[in-house]
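The chain contents come next:
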Amino acid sequence: SVMTLLLGRYTHTGGFFSDLPMVFFGITNRIFISNAIGTVSLFHIFPNPEPFRWGWTWLSDLQGFLPGPHVGFSAWLYRRLYGQVGTAAPMCFGEMYANFDLAGIFLGACAQGLILQGLPVWWCRRRVFHVEHLVLYAMQSMAFCRWAMGGLLGPIQYGLVALPLLYGTVRVGHHLVVVL
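Residues numbered from 1 in each chain as written. Predicted model: local features only at pLDDT ≥ 70, side-chain atom pairs only at ≥ 80, totals over all residues. Heavy atoms only, no water.

Draft legend 1. Fine view of the environment of Tyr97. Among the secondary structure elements, Tyr97 is positioned in helix H5 (residues 92–124). Owing to a relative accessible area of 8%, Tyr97 belongs among the buried residues under this scheme. Placed 58 residues apart in sequence, Tyr97 and Thr39 show a C-alpha to C-alpha distance of 9.3 Å. Setting aside anything within four residues of it in sequence, one finds Tyr97 in contact with Leu42, Phe43, Phe46, Pro47, Phe52, Leu102 and Ile105. (Helix = DSSP H or I, 4+ residues; strand = E, 2+ residues; numbered from the N terminus. Buried < 20%, exposed > 50% of the residue type's maximum accessible area, 1.4 Å probe, protein only. Contact = heavy atoms within 4.5 Å.)

Draft legend 2. Spatial organisation of the nonpolar core. Ranked by size, the top nonpolar core spans 10 residues in total: Leu42, Ile45, Phe46, Phe52, Phe73, Leu77, Tyr78, Ala88, Tyr97 and Ala98. Looking at this core, the elements with two or more residues in it are helix H2 (16–45), helix H4 (73–82) and H5. By residue number, the principal contributor to this core is H4, which donates three residues. In this structure Ala98 touches Leu42, Phe46, Phe52, Arg53 and Phe73, once residues within four positions along its chain are discounted. Counting residues in each nonpolar core, the second largest holds six residues, with Trp58, Met96, Leu119 and Trp147 among its members. (Core = buried A, V, L, I, M, F, W, Y, C linked by side-chain atoms within 4.5 Å.)

Draft legend 3. A look at the packing of helix H3 (residues 56–63) against H5. Contact geometry for H3 and H5: axes closest at 8 Å, N-to-C directions at 115 degrees. Within the contact between the two elements, H3 uses Trp56, Thr57, Trp58 and Asp61 and H5 uses Glu95, Met96, Asn99 and Phe100. Looking at side-chain class alone, the contact of H3 with H5 contains four nonpolar, two polar and two charged residues. (Axes fitted to C-alpha atoms, helices over the stretch in contact; angles between N-to-C directions. Nonpolar A, V, L, I, M, F, W, Y, C, P; charged D, E, K, R; others polar.)

Draft legend 4. Layout of the packing of aromatic side chains. This model, assessed by the stated rule, comprises nine aromatic pairs. Seen in terms of ring centroids, Trp58 and Phe100 are 5.8 Å apart; in terms of plane orientation they differ by 50 degrees. Their pairing is tilted. In this pair, Trp58 is assigned in helix H3 and Phe100 in helix H5, connecting sequence segments 42 residues apart. By way of ring pairs, the aromatic residues Phe43, Phe46, Phe52, Trp54, Trp58, Phe73, Trp76, Tyr97 and Phe100 are connected into one cluster. (Phe/Tyr/Trp six-rings, centres within 6.5 Å; stacked < 30°, edge-to-face > 60°.)

Pasting the structure below:
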């Protein structure tokens, strides 16, 4: 929502203290209202009148990396709900329901729980710790939190682009410090 203000989607008033309430409203709206409405609406849209997607919501988000026009699942959902252009990213469990019904929520929650529980266990059992491992652990944890809040597209966009660059930078920086 700070980026929304900087990109001009909110009207600038010229003063920091008068723009601050708009930013606060935008952040609270996005976290507590927009994503929640998008998620709850999926339980009313699927399976009637829309059929379950069987994983196509995630594949359609991956298509966004290919050249050409594309409408992601969150954009489709916003257009379906409000008839306008925008995004209403459902939370991960809503997206699991839209794909695989209640079984998808159960299996997805189990898989997500195993992965999130396995990361700290894996981390604690390491004998050698490097800075890049800490960075990877933090980024993976953030990606799962981002997925839980707003669908799979966010971690794909941020993780697939940022994680290798960040890992490479930390790895090169780690070796530069050792050499110096």
